[in-house]
Amino acid sequence: MRLWKNSKYVKDGDYFLVCKDNEKYITSAIENGAVKIITELDETYDIKTIKVESINDYIKDFYNDKINDMKLIGITGTNGKTTTCYLIYQMLNYIGVKTAYIGTIGFYIDGLVKELDNTTPSIDILYNLILDAKEKGCDVIVMEASSHALKQERLYGLLFDAVGVTNITQDHLDYHKNMKDYIKSKKKIINMLKNKKICILNKKDKYYKRFKNRRNNNYIIGKDVKITSVKNYLDKTSIVIKDKIKHGLILSMVGYFNVYNFLYAYYIINKLGYDLSKIKDKFYILSEPPGRMQKIKYNSNVIFIDYAHTPDAVLKVLKTVNKIKNKGIITIIGCGGNRDREKRPIMASISCKYSNYVIFTNDNPRSEDERKIMKDILKGAKGKYEVIYDRYDAIKKGLELLKDNMILMILGKGHENYQIIGDTKNHFSDFEVANKIINEIN
């Protein structure tokens, strides 16, 4: 028996959680098999109804005994959440600790992937996913904690064994309105710890001190462990780090920022007490998640597909490929509609500065006029660039411009397999489109 806010998930014997927003779906929930209504409203319905003070408290109390022995790991921050979680997921499963992942790219368990509507799902779905993982034998859940979810109490009642705060830079100001509210929302996670209360922070992030809580066991990358050497190559990164001793490691992922993502993952696992000796000399087997500096080889050229959709993320990926020997960088990028307008010219300026040529295109324009989005973008553009609104045509032009030993960056959508134009969600994958065009050219 499960609890649900969405009537379409209800099955025989489940309870339906009713609030003002979903009251109209009660009939559908009953038809699907709901046997009880749990509500904060002063109403009675056609089946047994229980009035509660807080639906969130009811969810927490209902599931707590079922999942309280699960180890929970939460990662928040503007960039790096997905990669850090995905690395933790891979590493723990590799050493024999059965682990599930919840985040931007879906719900991963037993090699299967279930798509999710949000980076951090609604509270009822989240608790049910954790219970699913428990019933399938998982010991650990690693999840992304978005600022929206933290502010909206979608993680209400959960306590984490370890958390990581990757970085804080401008994002989602269309929702939070200002950085103060954005940071306040992110900070909630450092007060949601239990047991060893492990919190991994990043000294290079200018806001990291705001996330230090005296009650937590804070471990700071850049202080407690230092990065002494990083060498970037097209298909790998070699690093030397120093905590008590020096370690030399080879990662298959590209980029200085991925070194940090790896270190968050490594030290969270380490501080939780898991033995990483099985993977000690095999970190090169770890892969980036789909759409995170995902590589495609094309003759002597390399294409990177990345989810970078904030100024900080765009800066990091472009700085990374500028350190790799190449004969030119072409960048394809756009900005989402109905989202933070302030970042658009900033992203354009960064793209132009660190690329030899830029093609500005549509991302997910949603219901916003693509010309207005582009007008905002071009306020920051200078140098060699052009505008191609159709994303397919933009990728095709980018590929046609490649000669020898060049790099093509396709930024903004990463793993997404859709493009939202108006109210329509069309199938569109940068990875699929790039490969299709390459096959046609060949």
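Everything that follows concerns the structure shown earlier in this document.
These remarks concern the structure in this document. In this text, all values refer to a predicted model and were calculated from it rather than measured experimentally.

**So, unusual backbone geometry**
Then step 1. Positioned with a positive phi, K197 is a non-glycine residue whose angle comes to about 50 degrees.
Then step 2. Looking at where K197 falls in the secondary structure, it is placed in strand β11 (residues 193–202).
Then step 3. Notably, M293 is not glycine yet its phi reads approximately 45 degrees, a positive angle.
Then step 4. The residue M293 is located in the loop between α8 (256–271) and β16 (294–298) in this model.

**A short note on the sheet that holds strand β8 (residues 112–114)**
Then step 1. Read across the open sheet, the 8 strands follow the order β8-β7-β6-β9-β5-β10-β11-β12; overall the sheet is mixed. Both outer strands of the open sheet, β8 and β12 (217–221), are each paired with one neighbouring strand and no more. Direction aside, the axes of adjacent strands within the sheet are offset by 15 degrees on average.
Then step 2. In this sheet, strand β9 (residues 140–144) lies alongside strand β6 (residues 99–103) in parallel orientation, the contact comprising 4 bridges. Bridge pairing links Y101 to V142 in β9.
Then step 3. Each of β5 (71–76), β6, β7 (106–109) and β9 touches helix α3 (residues 81–94); the most contacted strand, β9, lies at about 165 degrees to it.

**Some remarks on the side chain of K413**
Then step 1. Counting through the fold element by element, K413 comes out in the loop between β21 (407–411) and β22 (418–421).
Then step 2. Accessibility expressed as a relative area gives 0% for K413, which makes it buried.
Then step 3. Side chain to side chain, K413 and N364 meet in a polar contact 3.0 Å long.
Then step 4. Excluding anything up to four places from it in sequence, K413 contacts D306, Y307, D363, N364, R391, Y418, Q419, F428 and D430.

**A closer look at the environment of Y58**
Then step 1. Mapped onto the secondary structure, Y58 falls in helix α2 (residues 55–67).
Then step 2. Residues Y58 and V225, spaced 167 residues apart in sequence, show a C-alpha to C-alpha distance of 42 Å.
Then step 3. Excluding residues that lie within four positions of it along the chain, Y58 makes contacts with L3, Y15, L17, I38 and V52.

Scoring rules and cut-offs
Residues numbered from 1 in each chain as written. Predicted model: local features only at pLDDT ≥ 70, side-chain atom pairs only at ≥ 80, totals over all residues. Heavy atoms only, no water. Helix = DSSP H or I, 4+ residues; strand = E, 2+ residues; numbered from the N terminus. Pairing = 2+ DSSP bridges. Axes fitted to C-alpha atoms, helices over the stretch in contact; angles between N-to-C directions. Contact = heavy atoms within 4.5 Å. Buried < 20%, exposed > 50% of the residue type's maximum accessible area, 1.4 Å probe, protein only. Polar contact = N/O pair within 3.5 Å; in protein donor to acceptor, adjacent residues only side chain to side chain.

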